[in-house]
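# Close look at the chain arrangement
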Amino acid sequence: MTPSRLQARILSNREKKKGVFLMELKAPGIARSARPGQFIMVRPPHGSDPLLPRPFSIHDARDGSVSILYRVVGRGTEQLSGLGKGQALAVTGPLGRGFPIRAGNYRPALVAGGMGLAPMPFLAKKLAALGRIPKILYGCRTKGELLGPSTLGAVIATDDGSCGRRGLVTGLLEEELCRAGSCRVFACGPWAMLRQVSLLCQKSQVPCQVSLEARMACGLGACQGCAVRGVHGGYLSVCSDGPVFDSRLIDWEQEPPL
Amino acid sequence: MTPSRLQARILSNREKKKGVFLMELKAPGIARSARPGQFIMVRPPHGSDPLLPRPFSIHDARDGSVSILYRVVGRGTEQLSGLGKGQALAVTGPLGRGFPIRAGNYRPALVAGGMGLAPMPFLAKKLAALGRIPKILYGCRTKGELLGPSTLGAVIATDDGSCGRRGLVTGLLEEELCRAGSCRVFACGPWAMLRQVSLLCQKSQVPCQVSLEARMACGLGACQGCAVRGVHGGYLSVCSDGPVFDSRLIDWEQEPPL
Amino acid sequence: MRSNPPGRVDTAVILAGIRLKNPVMAASGTFGYGTEYRGLSPASAYGAIITKTVTLEPRPGNPPPRLCETPSGMLNSIGLANVGVDRFLREKLPALRNAGTVVIANIAGRTIGEYARLAGIMDRAPGVSALELNVSCPNVAHGGVAFGVNPLTASRLTRAVRRAFRKTLIVKLTPNVADMAPVARAVAAAGADALSLINTLYGMSIDTARRCPSLGNVTGGLSGPAIRPVALYHVYRVSRAVRIPVIGLGGIMTADDAVQFLLAGASAIQVGTANFIDPATPEKIVKGLVAYCRRHGLKSLRELTGWLAG
Amino acid sequence: MRSNPPGRVDTAVILAGIRLKNPVMAASGTFGYGTEYRGLSPASAYGAIITKTVTLEPRPGNPPPRLCETPSGMLNSIGLANVGVDRFLREKLPALRNAGTVVIANIAGRTIGEYARLAGIMDRAPGVSALELNVSCPNVAHGGVAFGVNPLTASRLTRAVRRAFRKTLIVKLTPNVADMAPVARAVAAAGADALSLINTLYGMSIDTARRCPSLGNVTGGLSGPAIRPVALYHVYRVSRAVRIPVIGLGGIMTADDAVQFLLAGASAIQVGTANFIDPATPEKIVKGLVAYCRRHGLKSLRELTGWLAG
Ligand SMILES: Cc1cc2nc3c(=O)[nH]c(=O)nc-3n(C[C@H](O)[C@H](O)[C@H](O)COP(=O)(O)OP(=O)(O)OC[C@H]3O[C@@H](n4cnc5c(N)ncnc54)[C@H](O)[C@@H]3O)c2cc1C
Ligand SMILES: Cc1cc2nc3c(=O)[nH]c(=O)nc-3n(C[C@H](O)[C@H](O)[C@H](O)COP(=O)(O)OP(=O)(O)OC[C@H]3O[C@@H](n4cnc5c(N)ncnc54)[C@H](O)[C@@H]3O)c2cc1C
Ligand SMILES: Cc1cc2nc3c(=O)[nH]c(=O)nc-3n(C[C@H](O)[C@H](O)[C@H](O)COP(=O)(O)O)c2cc1C
Ligand SMILES: Cc1cc2nc3c(=O)[nH]c(=O)nc-3n(C[C@H](O)[C@H](O)[C@H](O)COP(=O)(O)O)c2cc1C
Ligand code: FES
Ligand code: FES
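Quick caveat: nothing in here was measured; it's all calculated off a predicted structure.

### Looking at the interface of chain C and chain A
Between chain C and chain A, the contact holds 34 residues from the first and 28 residues from the second. Around 2,600 Å² of area is buried between chain C and chain A when both sides are counted, 60% of it from carbon and sulfur atoms. Joining chain C to chain A, the criterion identifies two salt bridges. In this structure, A:Arg5 engages C:Asp278 in a salt bridge whose closest nitrogen and oxygen atoms are separated by 3.2 Å. Scanning the region where chain C abuts chain A turns up 11 residue pairs in polar contact (both at pLDDT 80 or more). Of all elements in the fold, only β5 (67-70), β6 (73-76) and α7 (274-277) of chain C reach the threshold of two or more residues within the side of chain C that touches chain A.

Encoded structure:
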């Protein structure tokens, strides 16, 4: 699927949790071809500062619309948060290589840390449609930061124990991996968490796909700006070789590429 | 009066004519000390592009609020036009030297071309308060561009004759100057019009004050960016020596300083 | 010759012997090898595509992070990450040749000899219409000072490449010098057919939270609208200092920006960073240039070059 | 010596012999003669005020328009418009001396002799704590090339001024060179006590509707956030090339920007264009610097200089 670019109308843009917004955009072409783990790039609308489009995972896609779940962390996301229904935004997508989901006899475990929850609802939906009901393991710092509809039925860990298990989401994963049966892991979150997830999976010989982040310019594999070092030396492009990678392809000893 | 700077809340921001907006800002300090012909500087709110604050004449000042009447001509004014009630803007003012208005036995003639109407309502109000009911002469290209409440009671000229007299506002002024009695002219508008007004007044030996424009950075006389050549050589600062000048101080042979 | 139909504006330019259907070119390093934007922006919208810098051997490029945004600009420290000339010829050039536009190969080397060898290879490469020399790279024989800083070095380099390459030779100059004119004149005298300017300005950014440079490579090259006034300044001055055509670039985002460069003296322009922001930029610029000509009663985009009033 | 109360951060810096209550200075040409911002921004918020460049004779400056906005930046071609040293001493200095902060006079001349004469006058001027040499002006004896481009010229100039001026001597360098380090070293060896960098980059803009340069003077100097990455790059490199303190400036708008320059190696910073955008910038920066130190457990702003990790 080649990506497309359009002026997408905002259908809604609501604050779900302090500083985290859910934006729904009218983009039938993107909605139709999007796969879980892919992303879109959205250009902040005012002037040339900030300049570059911002990448966001596709949170959901249906009925001609795509949505993103984003945290306000800087000026670009701040501009986005100030927009309202009916305004239009330049959007490009779907971009990148998503999670490889296939039918088959496996238990999918979706491991999300913090904003890493963003791509999970869409992924869970598509897996479920293939008859592979996923287990979602979701960790964040504290109860107040928990995102997403409780209907996701996630098993939860918080750093401070204010909800679910006290500790890291990787703790939940360790238990999950101990169970019998063939498991596949799909993970998204901060670098340190993904490194740990990758390690656990490698030890248990469980296939593991991780969704990475990097600063991006083109989002298309043209500028080589979003490099991450691969395990055999040399670099991979997060935008076009990923953002979802087989965790064994990544050199986890490098500094996070952000 | 030293100027002040504040985050002023927008009380209203409405399109009055295609591309021309009236914005009312809550700014009690500025409203209290403002004099007709002075201006405020307003900083477009998004990022550093555009960078500099924009100067606008004070259109009216009362009850703790100041208003500006502005035309959307570029990115700064476009950003302003997109703002709504309740949002806040960085505003500095009142700035510059306004129209020198004194009691006395004279007929004030207010000559406005196009957006040069902006400072006139405030000026007319203050003159009227001194018992000097002004005659307003107002010219623009065509009926559709006419601004301001008809209650201003202006004598009108349009280039195409679609409203009032056909021709330039300077034609109206020539007639006005022919009348008996002592007249004082206060003018605001494009450079070519002001030059012509200045010429007419000089011929008739009528005192004439013109409000000039120049690109500005500081608005305070600190950067020397807003220079206009004076009649004796050397430069005047539009922001602090003006924007209102005795028309005889200006070298009208120079290129307009925009 | 038939005259144009009324209102029709001729968009073609002849640039040092190559005919371009329009004067808008994709800048090196920002349009990949011409196929990455497929679907979003046909390469054929461009009058020419300039490749990412190609070197003799493949290069991995610099450690990440390689990008960092700055006010109205961006820093990059991609380095000369590229597949090397062999894979370029085998894997990239065939698709590029068929993209429906003129192909210009941008090359760099560590030594003058490397440049000359690459030029020789490109001379025989089918479909490569011109060469653009990236002279902003460190000259290993001269303590890492870029080839393009010293007029003498730049001139030697140009002469060596000129001997190895028979088609159109463009030299892309660095703005990180006190005065670009002497280098421009030296390079023109040494046989360059045209000049491109500017390459990126040196820049840096620091992540204060982590107290370290924002780029893995510490420093990088600044591009985007932030540098446009600097680029325009150099184009204005250099186009008055040489007789060969100048291709202007640096922060061009809109047709109005492109008009500024043409009026300043450029014969063509390149679009770099703007590709990231709106891949439809080349079409929009060509349309806008045509509209500008129409408004001013010009029949050809060529008439814009140097058409400052007064 | 008593240690600071817990959480108290010492904002003072000693810059080449002068004690500044904080390391934030007003950049030349953007804060007038120190009194124009009265009411909006007390000059006393600044650790020091640097005057608009003063010359021997009054200068009218360049023809308008003198300003033009660019993406995240601005061009100015004010020229050296100033009242001349006599009126400066008579009319401007008295108020400036009483503004509650350190006064630094920025000077320029057409010849080395003019600089030296001015320096001598300033040496005797009461309340002038330091001199900042603007070496970005055309050297009439050398075909109009700026004094600050050539290490030898810059060094001669510095030496001549050094002989005439006994207090702190700062040289403000131009970034319009291939490499600032040689000039920086030459100037340091010739007796400068500190360096300021950067002055503006050359730039230009064209009004396409009128087909003429946007500035009356055709070209101008680029300042503002657009040039921040370039300024930071030079500060990082030059502060590693010399032993005298470096004052960083160029596009500093926020405390985070100021921290970047200090971490890169600056001992103090200057605020220029930001004065136009928010006159409260100096107070905000000082507050932000203190907050940064507190977050990182530092007791003095001086500890920030060169404090890059790794
Ligand atoms: C493939 C991909 C998918 C993403 N999906 C989501 C998502 O679904 N929800 C979400 O909230 N965020 C997501 N991000 C991160 C998001 O792109 C950044 O938070 C955003 O670009 C920050 O923009 P800003 O202007 O607000 O911040 P800036 O002012 O640019 O920067 C603020 C902070 O954000 C970091 N940052 C800047 N750009 C990026 C970037 N491209 N990626 C990561 N961090 C960055 C900076 O290093 C800095 O620390 C994703 C990133 C990638 C690469
Ligand atoms: C003292 C003073 C009072 C003014 N009062 C009013 C007013 O009451 N109503 C109103 O609509 N406009 C007024 N202006 C003009 C107004 O400041 C400009 O229209 C505005 O700054 C343009 O901003 P922009 O970002 O939309 O346009 P830009 O994108 O910056 O420029 C678009 C066009 O506007 C011109 N322009 C830019 N800056 C200025 C400037 N400072 N002054 C004049 N023209 C400029 C440019 O040359 C260009 O042609 C006044 C100007 C001055 C100096
Ligand atoms: C990500 C990136 C990669 C670049 N790679 C190259 C390159 O390989 N060779 C080269 O000559 N210029 C390279 N450039 C410089 C551009 O071709 C261009 O000279 C510069 O970016 C200024 O133009 P712009 O502001 O339109 O981007 C690169 C620029 C960017 C942003
Ligand atoms: C309007 C204006 C006038 C200036 N005048 C002078 C001057 O007279 N002397 C000088 O040394 N620098 C002058 N400068 C340069 C500034 O002091 C500073 O070096 C430059 O603007 C970069 O800093 P900034 O980006 O913070 O503005 C001027 C800058 C501006 C914007
Ligand atoms: S962002 Fe350009 S290659 Fe990935
Ligand atoms: S705008 Fe700075 S002196 Fe007038």
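### What to know about the site of ligand 4
Residues and elements named next belong to chain D. Neighbouring residues of ligand 4: 21 residues in total, closest Ser28, Thr53, Lys172, Gly251 and Thr273. At 3.1 Å, a backbone N or O of isoleucine 198 approaches an oxygen atom of ligand 4. Between an oxygen atom of ligand 4 and a main-chain N or O atom of glycine 272, the distance comes to 3.1 Å. Across the complex, the protein chains shield 98% of the 600 Å² of accessible surface that ligand 4 would expose by itself. The class makeup of the residues in the shell around ligand 4 is four nonpolar, 15 polar and two charged.

### Considering the side chain of D:Ser300
Residue and element names in this part refer to chain D. Summarising the element assignment, serine 300 is placed in the segment after α8 (281-295). What makes serine 300 buried here is its relative accessible area of 6%. Those residues in contact with serine 300 that sit more than four places away from it in its chain are Val9, Asp10 and Cys293.

### Digging into the domain arrangement of chain A
Residue and element names in this part refer to chain A. According to the domain assignment, chain A consists of domain 1 (4-95) and domain 2 (107-214). Domain 1 and domain 2 are separated by 24 Å when their C-alpha centres are compared. At the junction of the two partners, domain 1 supplies 14 residues and domain 2 supplies 11 residues. When domain 1 packs against domain 2, the two sides together hide about 1,300 Å² of surface, and 64% of this comes from carbon and sulfur. In this assembly, domain 1 and domain 2 are joined by one salt bridge. Measuring nitrogen to oxygen at the nearest pair gives 2.8 Å for the salt bridge that ties lysine 125 to aspartate 60. Counting across the domain 1 and domain 2 interface gives five residue pairs in polar contact (both at pLDDT 80 or more). For the side of domain 1 that touches domain 2, the secondary-structure elements that each account for two or more residues are β5 (60-62) and β6 (65-71).

### Some remarks on the relation of the copies chain C and chain D
Each copy superposes on the other: chain C lies on chain D with an RMSD of 0.0 Å after a rotation of 180° and an axial shift of 0.0 Å. Interpreted geometrically, this transformation is the action of a two-fold axis. Here 100% of the contact residues of chain C are again contact residues in chain D; the copies associate through an equivalent surface.

### Comments concerning the interface of chain C and chain D
When the parts of a complex come together, some accessible area is lost, and that lost area is often used as the size of the interface. The partner chain D presents 41 residues to the 41 residues of chain C that form the contact. Between chain C and chain D, a total of about 3,400 Å² is buried, with carbon and sulfur atoms accounting for 68% of that surface. Broken down residue by residue, the surface that chain C buries against chain D is led by C:Thr208, C:Arg211 and C:Tyr233, which jointly contribute 21%. For the pair chain C and chain D, the number of links is zero salt bridges.

### Thoughts on the site of ligand 2
All names here are of chain B. In the neighbourhood of ligand 2, 21 residues make up the surrounding shell, with Arg54, Pro55, Leu69, Gly76 and Thr77 lying closest. Within the side chain of arginine 54, a nitrogen or oxygen atom sits 2.8 Å from an oxygen atom of ligand 2. Elements with a contribution of two residues or more to the shell around ligand 2: β4 (54-57), β6 (65-71) and α2 (75-81). At four residues, the largest contribution of residues to the shell around ligand 2 is made by β4. When the residues that make up the shell around ligand 2 are grouped by side-chain class, the tally is 12 nonpolar, four polar and five charged.

### Side note on the state of the cysteines
Under the criterion given, the structure shown has zero disulfides over all chains. For A:Cys208, which is in no disulfide, the shortest distance to another cysteine sulfur is to A:Cys201 and amounts to 3.9 Å. For A:Cys208, a relative accessible area of 2% translates into the label buried. The cysteine B:Cys140 is free of any disulfide, with B:Cys163 supplying the nearest cysteine sulfur at 7.7 Å.

### What to know about the environment of D:Arg117
Residues and elements named next belong to chain D. Relative to the elements of secondary structure, arginine 117 occurs in helix α2 (residues 112-123). Residue classification places arginine 117 among the exposed positions, given a relative accessible area of 56%. For arginine 117 and valine 161, which are 44 residues apart along the polypeptide, the C-alpha to C-alpha distance reads 8.2 Å.

### Re the packing of aromatic side chains
Tallying each qualifying case throughout the model produces 18 aromatic pairs over all chains. With a centroid separation of 5.2 Å and an interplanar angle of 80°, the aromatic rings of D:Phe31 and D:Tyr46 are classed as edge-to-face. Placement of D:Phe31 in the loop between β3 (24-26) and β4 (48-50) and of D:Tyr46 in the loop between β3 and β4 is noted, with a sequence separation of 15 residues between them. D:Tyr46 gets classed as buried once you look at its relative accessible area, which sits at 0%. Through a chain of ring-to-ring contacts, the aromatic side chains of A:Phe21, A:Phe56 and A:Tyr70 assemble into a single cluster. One cation-aromatic arrangement involves D:Arg211 over C:Trp307; the distance from NZ or CZ to the ring centre is 3.5 Å.

### Considerations on helix α5 (residues 228-241) of chain C
What sets the pattern is the α-helix's 3.6 residues per turn: residues three or four places apart point alike. Residue and element names in this part refer to chain C. In this model, α5 (14 residues) spans 20 Å end to end at C-alpha, consistent with the 20 Å of a helix rising 1.5 Å per residue. Within α5, 11 of the 14 residues are buried, which leaves the element mostly enclosed by the surrounding structure. Among all positions in α5, only Arg228, Pro229, Val230, Ala231, Leu232, Tyr233, His234, Val235, Tyr236, Val238 and Ser239 are buried.

### Focus on the environment of B:Lys143
Along the chain, B:Lys143 turns up in the loop between β9 (135-140) and β10 (155-158). Once the C-alpha coordinates of B:Lys143 and B:Leu172 are considered, the two residues, 29 residues apart in sequence, prove to be 16 Å apart.

Each value, and the rule that gives it
Residues numbered from 1 in each chain as written. Chains lettered and ligands numbered in written order. Predicted model: local features only at pLDDT ≥ 70, side-chain atom pairs only at ≥ 80, totals over all residues. Heavy atoms only, no water. Contact = heavy atoms within 4.5 Å. Buried area = accessible area lost by both parts, 1.4 Å probe. Salt bridge = Lys/Arg side-chain N within 4 Å of Asp/Glu carboxyl O. Polar contact = N/O pair within 3.5 Å; in protein donor to acceptor, adjacent residues only side chain to side chain. Helix = DSSP H or I, 4+ residues; strand = E, 2+ residues; numbered from the N terminus. Near = heavy atom within 4 Å. Areas by Shrake-Rupley, 256 points an atom, 1.4 Å probe, with all protein chains shown as cover. Nonpolar A, V, L, I, M, F, W, Y, C, P; charged D, E, K, R; others polar. Buried < 20%, exposed > 50% of the residue type's maximum accessible area, 1.4 Å probe, protein only. Domains from an automatic or database assignment. Least-squares fit on C-alpha atoms with pLDDT ≥ 70 in both. Disulfide = S-S within 2.5 Å. Phe/Tyr/Trp six-rings, centres within 6.5 Å; stacked < 30°, edge-to-face > 60°. Lys NZ or Arg CZ within 6 Å of the ring centre and 35° of its normal. Expected span 1.5 Å × (residues − 1).

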